[in-house]
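Residues per chain are reported as follows:
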Amino acid sequence: MRFDAILFDCDGVLVDSEPITHRVLVQVLGERGWHITQQECMRLFVGKAVKDEAALIEQRTGQPVTQEWLQAFWARRNAALESDLEVIAGAETAVPALHAATGGRIACASGADRAKVELQLRKVGLYACFEGRIFSGHEMPKSKPAPDVYLAAAAALGADPRRCAVVEDTVTGVTSGVAAGATVFGYSPGGPGHSPAESLRAAGAVHVFTDMVALPGLLADWA
C-alpha cells in the first residue's frame, strides 16, 4: 500500500448518524421558533459543527446559542444515537481489514465533539480499531473545512500528510483533507447526508466510490 496511514471521517463514513442528528436538530430549532424541514437542515448543517453555525442559528431564532443550549442539544442527540445508530454498511469489515493491513496506522478525524465520536464508535463496534487515535475538530484551533484535525491525526501517527489517505463523504470534509495535503477518497453512496459525487470531485477528491466494502482493495491498488 502506498499510503502510510488511513484517516477516516466518522459521520457518514463509519456511522449512519446524520439523519438521526438532524432529526434532533430540527426538533430543537423548532422549539426556538425556526421551523425547518430535515432536508433543509441537512443541506445547511451536514459536515459542520453546530457550534460553528451559532451566528446563523441566532439570526434565524433571535436567541443566543449558549453553552447550556449546546449541552442540552448534545444530550438529546446522544440519547437518540445510542438508541438508533447503525454502522455504515461495509465499514464493519473494511475498517478491521485496513487496521490489519496498515499495522494499526489508521485514525478517526472528525469535526464532531469527542463524546459523540467515541459513543458512536463504541455503539457500532469499531472503537477498538481507533482507540488512542481519535481526533475531534472541537479540540483544534479550527475545525473542518480547515485542515487542523487531519494534520493532528497524521502527526500523531508520525505520518507525512502527503502520504495519507483520507476518507470523506462531504464537501466540507474533502476540503479539509485536501488542505492537509492528503489524497482524499470520496464516499458517496447516495441518499441524505452524503454530498453528491460531482461535488466531492469538484472539492478535490481523487476518486469517488459507493461501496465501503471496496475500500481496502481500492487503497491497496491505488497507484
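Reading the values: rules and limits
Residues numbered from 1 in each chain as written. Predicted model: local features only at pLDDT ≥ 70, side-chain atom pairs only at ≥ 80, totals over all residues. Heavy atoms only, no water. Buried < 20%, exposed > 50% of the residue type's maximum accessible area, 1.4 Å probe, protein only. Helix = DSSP H or I, 4+ residues; strand = E, 2+ residues; numbered from the N terminus. Pairing = 2+ DSSP bridges. Disulfide = S-S within 2.5 Å. Contact = heavy atoms within 4.5 Å. Axes fitted to C-alpha atoms, helices over the stretch in contact; angles between N-to-C directions. Left-handed = near helix turned anticlockwise from the far one by under 90°.

For strand 4 (residues 164-168), a buried count of five out of five residues is recorded, marking the element as mostly surrounded by other parts of the structure. Residues Cys 164, Val 166 and Glu 168 line one face of strand 4 and the alternating positions Ala 165 and Val 167 line the opposite face, and both faces are buried. Inspection of the sheet shows strand 1 (residues 5-8) paired to strand 4 by four bridges, in the parallel sense. Opposite Ala 5, over in strand 4, you have Cys 164 as the bridge partner.

Think of a disulfide as a covalent bridge from one cysteine sulfur atom to another cysteine sulfur atom. Counted under the stated rule, the structure contains zero disulfides. Cysteine Cys 10 shares no disulfide, and the gap to the nearest cysteine sulfur, in Cys 108, comes to 4.3 Å. Cys 10 gets classed as buried once you look at its relative accessible area, which sits at 0%.

What follows covers the environment of Glu 58. Mapping Glu 58 onto the fold places it in helix 3 (residues 54-61). Given the relative accessible area of 33%, Glu 58 is considered partly exposed. Sequence separation between Glu 58 and Tyr 127 is 69 residues, and the spatial gap between their C-alpha atoms is 35 Å. When near neighbours in sequence (up to four residues on either side) are disregarded, Glu 58 contacts Gln 63, Pro 64 and Val 65.

This paragraph deals with the packing of helix 1 (residues 18-31) against helix 4 (residues 67-84). Their axes nearest at 9 Å, the elements helix 1 and helix 4 cross at an angle of 145°. Here the hand of the crossing between helix 1 and helix 4 comes out right-handed. Facing Ile 20, Thr 21, Arg 23, Val 24, Leu 25, Gln 27, Val 28, Leu 29 and Glu 31 of helix 1, the residues of helix 4 in contact are Trp 69, Phe 73, Arg 76, Arg 77, Ala 80, Leu 81 and Asp 84.

Geometric values such as these leave the question of function open.
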